[in-house]
Amino acid sequence: MKKINVTVWNEYRHEKKDKAVADIYPNGIHGCIADFLGIQDDIEVRTATLDEPEHGLTDEVLDSTDVLIWWGHMAHGEVKDEIVEKVHKRVLNGMGLILLHSAHASKIFHKLMGTRTLDLRWRESGDKERLWVIEPSHPIVQGIGEYIEIEHEETYGEHFEIPAPDELVFISWFTGGEVFRSGCCYKRGAGKIFYFKPGHETFPIYHMEKVQRVIINAVRWAAPLANLPIRFTNGHTPERLEK
Ligand code: ZN
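Residues numbered from 1 in each chain as written. Predicted model: local features only at pLDDT ≥ 70, side-chain atom pairs only at ≥ 80, totals over all residues. Heavy atoms only, no water.

Asks: What exactly am I supposed to notice about the packing of aromatic side chains here?
Replies: Aromatic rings in a pair are described by how distant their centres are and how their planes are angled relative to each other. Under the criterion given, the structure shown has eleven aromatic pairs. With a centroid separation of 6.4 Å and 70° between ring planes, the pair formed by Phe-194 and Trp-221 is classed as edge-to-face. One end of the pair, Phe-194, is in strand β9 (residues 191-196); the other, Trp-221, is in helix α7 (residues 209-222), and 27 residues separate them in sequence. Among the aromatic side chains, those forming a connected cluster through ring pairs are Phe-109, Tyr-156, Phe-160, Phe-180, Tyr-186 and Tyr-195. A cation sits over an aromatic face here: Arg-130 above Tyr-147, 5.3 Å from the ring centre. One residue, Lys-192, lies across the ring of Trp-221, its end atom 5.8 Å from the ring centre. (Phe/Tyr/Trp six-rings, centres within 6.5 Å; stacked < 30°, edge-to-face > 60°. Helix = DSSP H or I, 4+ residues; strand = E, 2+ residues; numbered from the N terminus. Lys NZ or Arg CZ within 6 Å of the ring centre and 35° of its normal.)

Asks: Could you clarify how one ought to interpret the side chain of Lys-197 in this entry?
Replies: For Lys-197, the position within the fold is in the loop between β9 and α7. Residue classification places Lys-197 among the buried positions, given a relative accessible area of 0%. Aside from chain neighbours lying at most four places away, what touches Lys-197 is His-101, Glu-129, Glu-153, Glu-154, Tyr-156, Phe-174, Phe-180 and Ser-182. (Buried < 20%, exposed > 50% of the residue type's maximum accessible area, 1.4 Å probe, protein only. Contact = heavy atoms within 4.5 Å.)

Asks: So what exactly am I meant to see when it comes to the environment of Gly-114 here?
Replies: Topologically, Gly-114 is positioned in the loop between α6 (107-113) and β5 (121-133). Residue Gly-114 is classed as exposed on the basis of its relative accessible area of 64%. Put simply, Gly-114 and Ile-162 are 48 residues apart on the chain and 8.8 Å apart in space, counted from C-alpha to C-alpha.

Take a look at the structure:
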């Protein structure tokens, strides 16, 4: 069985600056995500971080990545434009991309969505969040049940300036009354993209079994299908045409 090659990218700054975050994620958010992905039989995982040369996303790494996971927050502006260009090109050519939590404001999400800001309403309040499954037959929500409940999370609310998702699989409700489109699927070129809201750094969200299940499912959903070399041709038909 060919395994899905996953690269988990993290800016890896909060964990170095804030002991409370480091206590939750001693090996970084990327380390935690790589741990639960790495024990899946069909997934091969590695990590990359902002401060590595080329942010750890060399041509060799990107060319051999089937699905890239992206967590960023305080250092979106430090991500080099030429790396964003390369990631963008790889997505259009079929690499899957999973954007987590504050990656809504990353350069790569902006570039792929083509919108003005991708801004949203937010409060750092520790509200309860309930993510309702609204597309029960979607592969990403299998094994989740009706909803995911997170006891304490950062609140994100509408309006969220995104293009209408091709498939919307979760809507979140918060104790403050806000709602938010928290699981959004897109296709761009040959690539599949999933934005998934949970994962504020001061709460142990990526240790939660259901959140892990969604990310594992999303990796399998976003992995490129290998049987279709896409050709754009002119003047050729599959049928013999009479002159
Ligand atoms: Zn946050």
